[in-house]
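Descriptive structure summary
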There are 2 protein chains.
Amino acid sequence: MSKCEQCIVREFSSLKALTKDELIKLSDCKTSLIIKKGEVIFEEGENVNGIYCIKDGICKLTKLSANGKDHIVKLVTKGELLGQRSMISDEPVNLSAVALEDMQVCFIPKSEVMGYFDKNNQFSMNVMKTICGDLKEADDHMVNLAQKTVKERLAETLLYLNDTFGKNEDNSLKVQLSRDELASIIGTATESCIRLLSDFNKLGLIELTGKKIVLKDITKLKKLAE
Amino acid sequence: MSKCEQCIVREFSSLKALTKDELIKLSDCKTSLIIKKGEVIFEEGENVNGIYCIKDGICKLTKLSANGKDHIVKLVTKGELLGQRSMISDEPVNLSAVALEDMQVCFIPKSEVMGYFDKNNQFSMNVMKTICGDLKEADDHMVNLAQKTVKERLAETLLYLNDTFGKNEDNSLKVQLSRDELASIIGTATESCIRLLSDFNKLGLIELTGKKIVLKDITKLKKLAE
DNA sequence: TTAAAAATATGATATTTGTCATATTAAAGA
DNA sequence: TCTTTAATATGACAAATATCATATTTTTAA
C-alpha cells in the first residue's frame, strides 16, 4: 500500500497541514481505489462516511434536476478532496461523483478526518478556505447561468476547460466530454450545444475532429464570453 | 451600548458557541449600526475587516454581472452573519450587501473573530456548517437556474419568500421586493417577471395590490414550481 | 400641491433556445 | 467483420424569453 507521506498530491489539498505522525496514521487507515472511466464514486443521497482524495484523474460532480436531467455542477481533479461538505454537515452527499477518465483515489474514513479538526487548526483553516473558494465559485457560476446567453456560456466553458485542465500534444482539450456532458455544464439542450459548436467551428474559433476540440482563436473566444 | 450576552439573535448564529467571557469581550469591541432601507452595508470588491451580525431586518446580497445587471444571489435576515467567507479567505467580499428594509447590525472586527477560530472549536464547526449549508444551497440554486423555466423559477421564488420570511397581517409577503429585484433573483428581464406575475394573478394563483403580493393558491404554485 | 421621475404594466416584435424528426458517423458487441 | 446501438449533426418548427415602445400608475421631491 502506498504511503501518504510520499504522496505528492497531498501537497495540493488541505491535507498538507498534517504532521508526519498524522500522515503515518493516515496511511494505515486509508483505502486505495482504482475507478474506471464512467464508474460512480458516490451517488446523490448516499451516506459517504469519509472523504476521497483524488490522486489521479478527473471526475464530474452532478446533480439531478427536477426534469430528470443531470446538471454538472463542477469538475474535480487530482489534488482535490471529495465529500468534505457532506462530512462536515453530517448529511448525505448532495452531488454524485462520476469518473470522466480512469482514476486513482484514496478513501479516508470520517473518524480519522474529524480528529484533525480538533487537533490541527491549520487543517481546519485549509478545509474552510477550500469550501469558501467553492462557495465563491458557485456564486460566480450562478450569476453566469442567470445572466449570460448559451453562446457566452459555451465560450466561457471552453476557455475554462483549457485553462484548468490543459491540452494534449495535438492541442486538443485534455478533458474529453461528450456533447451531452458539455451541454449539462452550460445548462442547455444537447442539440443547442452541438449547433453552437458547429457555428464556432465555421467561424474558425475552434476545430472539431471527432470528440476532440481544439481552441483556435482564444482572443475571439474571450470576447464572445464577454 | 447593548450587550451581546443578552442579545437573543446570537442564539441563531455560529456565535451561540461563545462562552460568557468571550461574549463580554465581544460586547466591548463590536460596533452597533443602524442601516436604512436602500443603504449599502458593503460593496463587491471592498475589504471588510470583520463580520456583520444581523440583529434585525433583511438585506440582499448581489453580484454585478458582465452585462451590467445586478443579480441577487441570496437574501439574508436576522440571526445570520455577513462577510464570513471573505474573512476566512482573506479576500475582498465577492458580493454587495444592500438593506431591503431598515436594519440593526453589529460589526465585529476580524481580529476578534479570528481568535475564536483558534480557541473555540465549536465556533469553528458552526461557521463551517453554515458555509457548507450556503454551498449546498448555491448548488441547488445553480441547477434550478440551469434547468428550470422562468415560470417555474418565479413560482419557486414566491414560495421561498413565503416560507422563509413569512407574511404580514393582510397575508401579503413580508419581504417587499420591486419587480426589478424579483426579476434579478430569478434571472430574467423585468418585463418578463411583470408579465408572469400578471398571468399568475389572472390564474388566481396570487393577488397583486400595488407592490403587495398575496399567495392565494399555494398548492397550484407548488405544482408549477415542479 | 404639483411637476418630474421612477416603477409597473402591456402590446408588438425579434431573438434565443428547445423540441422533434431524421440523417450521418462513430463505437461497441456478437 | 458485420450488426446494432449510441453519439453527433442538421433542418424545420415551436415555444420561451428579451427587447423596444408606450401607456399608466405610483413615488418622490421641489
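Residues numbered from 1 in each chain as written. Chains lettered and ligands numbered in written order. Predicted model: local features only at pLDDT ≥ 70, side-chain atom pairs only at ≥ 80, totals over all residues. Heavy atoms only, no water.

Where an unreviewed UniProt entry is consulted, chain A appears under the name CRP-like cAMP-binding protein, with the organism given as Flavobacterium glaciei.

Below, the discussion takes up the pattern of salt bridges. All names here are of chain B. Summed over all chains, the structure comprises 28 salt bridges over all chains. A salt bridge links Asp-56 to Lys-78; the shortest N-O distance between them is 3.8 Å. Of this pair, Asp-56 sits in strand E3 (residues 50–56) while Lys-78 sits in the loop between strand E5 (70–77) and strand E6 (81–82), and the two are 22 residues apart along the sequence. The class for Asp-56 is partly exposed, based on a relative accessible area of 33%. Between Glu-137 and Lys-74 there is a salt bridge, with its nearest N and O atoms 3.3 Å apart. Here Glu-137 is found in helix H4 (residues 121–147), whereas its partner Lys-74 is found in strand E5, with 63 residues between them in sequence. (Salt bridge = Lys/Arg side-chain N within 4 Å of Asp/Glu carboxyl O. Helix = DSSP H or I, 4+ residues; strand = E, 2+ residues; numbered from the N terminus. Buried < 20%, exposed > 50% of the residue type's maximum accessible area, 1.4 Å probe, protein only.)

Turning our attention to helix H3 (residues 110–119) of chain B. In an α-helix, one turn spans 3.6 residues; hence positions three or four apart end up facing the same way. Among all positions in H3 of chain B, only Glu-112, Val-113, Gly-115, Tyr-116 and Phe-117 of chain B are buried. On the buried face of H3 of chain B, the contacting elements are helix H4 (121–147) of chain A together with helix H1 (20–29), E3, helix H2 (84–89), strand E8 (103–109) and H4 of chain B. (Contact = heavy atoms within 4.5 Å.)

The next subject is the interface of chain B and chain A. Facing 40 residues of chain B, the contacting portion of chain A comprises 40 residues. When chain B packs against chain A, close to 3800 Å² is buried across both sides, 70% of that on carbon and sulfur atoms. Three residues, Met-128, Met-142 and Gln-147 of chain B, lead the burial of chain B against chain A; their summed loss comes to 17% of the area buried on that side. In this assembly, chain B and chain A are joined by four salt bridges. Between Lys-63 of chain B and Asp-140 of chain A there is a salt bridge, with its nearest N and O atoms 3.2 Å apart. Across the chain B-chain A interface, the total number found is 10 residue pairs in polar contact (both at pLDDT 80 or more). Broken down by element, the side of chain B that touches chain A gets its largest block of residues, 20 residues, from H4 of chain B. Across the side of chain B that touches chain A, the residue classes tally to 17 nonpolar, 10 polar and 13 charged. (Buried area = accessible area lost by both parts, 1.4 Å probe. Polar contact = N/O pair within 3.5 Å; in protein donor to acceptor, adjacent residues only side chain to side chain. Nonpolar A, V, L, I, M, F, W, Y, C, P; charged D, E, K, R; others polar.)

We now examine the UniProt feature "domain: Cyclic nucleotide-binding" (unreviewed entry) in chain A. In this numbering, the UniProt entry assigns the feature "domain: Cyclic nucleotide-binding" (unreviewed entry) to residues 14–110 of chain A. Helix makes up 18% of residues 14–110 of chain A and strand 44%. Its end C-alpha atoms lie 15 Å apart. (UniProt positions renumbered as here; feature names shortened; annotations may be inferred.)

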